[in-house]
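# Summary of the model geometry
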Amino acid sequence: GQQLNQSPQSMFIQEGEDVSMNCTSSSIFNTWLWYKQDPGEGPVLLIALYKAGELTSNGRLTAQFGITRKDSFLNISASIPSDVGIYFCAGQTTGTASKLTFGTGTRLQVTL
Amino acid sequence: GAVVSQHPSRVICKSGTSVKIECRSLDFQATTMFWYRQFPKQSLMLMATSNEGSKATYEQGVEKDKFLINHASLTLSTLTVTSAHPEDSSFYICSALRVAGQGGYEQYFGPGTRLTVT
C-alpha cells in the first residue's frame, strides 16, 4: 500500500535540543495526524490537524498542516529522554472510510 | 477518554491453528474500526476496515478468508487468523474511529497483539 515519505528516517539528539521532522505526499489529504509509538505498543495520537495552514500545539509539540495539503511537519522543543520513540505522520481523506495512510516513521533517540 | 484495548497482548500458536484477537473501544462507540499489521522496524499497513453490522472491507492483497473480521457491536471487533503459518507472525494493531470536535475523525489505537506462529 501507499506510504508517505517521512524524514529524517532517524535522528540522535541531545537532551534539550529542538527536533523537526516532516512528511510529504503526492496526494492531498484533508486531515494530518501525528502519532508516537513506543516499542511493543500501539501508536498514541499526539496532534490532529484539520485545515490547510493550521498550526497546532500540544505542550512542547507543534505541528503544521501544509498549505498544499500534501505535507506536514512536527516540531518538538526542548527534548527530554522520554521523547524517545518512533514518530509517524498519517494522512486521512474525508468520507466515511476515513482510512489512514502512514508515513515511514522517524526514529528519535535522545542522549543525555 | 478514547481508550482502546486489545486482547490478548501476546499469543503463541502452532502452525495450522486459528487465533482470535479482540479489539474494544472502552469509553466511546465506534461504528468503524481498523486492523493493521506491523512487521519489525516498519510502518503500519492497513489490512481491513471493520464496519459494525456489515462486512469488512479488505485492502488489496489481504485474504479475507484467512483474516476473518467480525464487528458485532459498537465497541467490539474481532480478527481471527485462520490456519496460521509462521509468515503470519507479526504485530497486529487495531484502531477505533471517533468523531473529533472539529468535525473530523480521529483514530485511536489499541496496544497491539504480538502473534508468534511456531
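Residues numbered from 1 in each chain as written. Chains lettered and ligands numbered in written order. Predicted model: local features only at pLDDT ≥ 70, side-chain atom pairs only at ≥ 80, totals over all residues. Heavy atoms only, no water.

## A look at the environment of L76 of chain B
Inclusion rule: Elements are defined by DSSP. Helices are runs of H or I of four residues or more, strands are runs of E of two residues or more, and each kind is numbered from the N terminus.
Mapped onto the elements, L76 of chain B comes out in strand 8 (residues 76-81). The sequence separation of L76 of chain B and S43 of chain B amounts to 33 residues, and the corresponding C-alpha distance is 24 Å.

## What to know about the environment of N22 of chain A
Residue and element names in this part refer to chain A. Counted only if it meets this: Only heavy atoms enter the contact rule, under which two residues are in contact if any of them lie within 4.5 Å.
You can see N22 is positioned in strand 3 (residues 19-24). Each C-alpha atom, one on N22 and one on Q6, is 5.8 Å from the other, the two residues being 16 residues apart in sequence. Every residue in contact with N22, bar those within four places of it in the chain, is listed here: N5, Q6, S7, W34, S72 and F73.

## Remarks on the nonpolar core
What tends to happen in soluble globular proteins is that the nonpolar side chains get buried as a cluster. Basically, it comes down to this: Nonpolar cores were defined as sets of buried Ala, Val, Leu, Ile, Met, Phe, Trp, Tyr and Cys residues, with membership established by side-chain atoms within 4.5 Å. Burial here depends on accessible area, computed with a 1.4 Å probe over protein chains only, as a share of the maximum for the residue type. Under 20% is buried, over 50% is exposed, and the range in between is partly exposed.
If you look at the biggest cluster of nonpolar residues, it comprises 26 residues, and the most contacted ones within it are V4, W35, F67, L79, Y92 and L115 of chain B. For this core, the secondary structure elements donating two or more residues are strand 2 (10-13), strand 3 (19-25), strand 4 (32-38), strand 5 (45-51), strand 7 (67-73), strand 8, strand 9 (90-99) and strand 11 (113-117) of chain B. In this view, V4 of chain B contacts C23, R24, S25, F28, C94, A96, Y108, F109, G110 and P111 of chain B; residues no more than four positions away in its chain are not counted. By size, the runner-up hydrophobic cluster in this structure holds 21 residues, among which are C23, W32, L49 and A63 of chain A.

## A closer look at the interface of chain B and chain A
The criterion, for reference: Note on terms: buried area is the combined drop in 1.4 Å-probe accessible area of two parts once they are placed together, counting the loss on both. For salt bridges, the criterion is a side-chain nitrogen of Lys or Arg within 4 Å of an Asp or Glu carboxyl oxygen. We call two N or O atoms a polar contact when they sit within 3.5 Å, provided that within protein one can donate a hydrogen and the other can accept it, with sequence-adjacent residues counted only if both atoms are side-chain atoms. Residues are grouped as follows: Ala, Val, Leu, Ile, Met, Phe, Trp, Tyr, Cys and Pro are nonpolar; Asp, Glu, Lys and Arg are charged; all remaining types, including Gly, are polar.
At the interface, 24 residues of chain B touch 24 residues of chain A. Both faces considered, chain B and chain A share a buried interface measuring about 1,800 Å² in area, 56% of it formed by carbon and sulfur atoms. By the criterion of area lost to chain A, the three top residues of chain B are S43, Y105 and F109 of chain B, representing 25% of everything that side buries. Between the two partners, chain B and chain A, sit one salt bridge. Here K99 of chain A ties to E59 of chain B by a salt bridge, and the two come within 3.0 Å at their closest N and O atoms. Taken together, the links from chain B to chain A amount to six residue pairs in polar contact (both at pLDDT 80 or more). The element best represented in the side of chain B that touches chain A is strand 10 (residues 105-109) of chain B, accounting for five residues. Tallied by class, residues from the side of chain B that touches chain A come to 13 nonpolar, eight polar and three charged.

Such coordinate-based values are descriptive only and should not be taken to indicate function.
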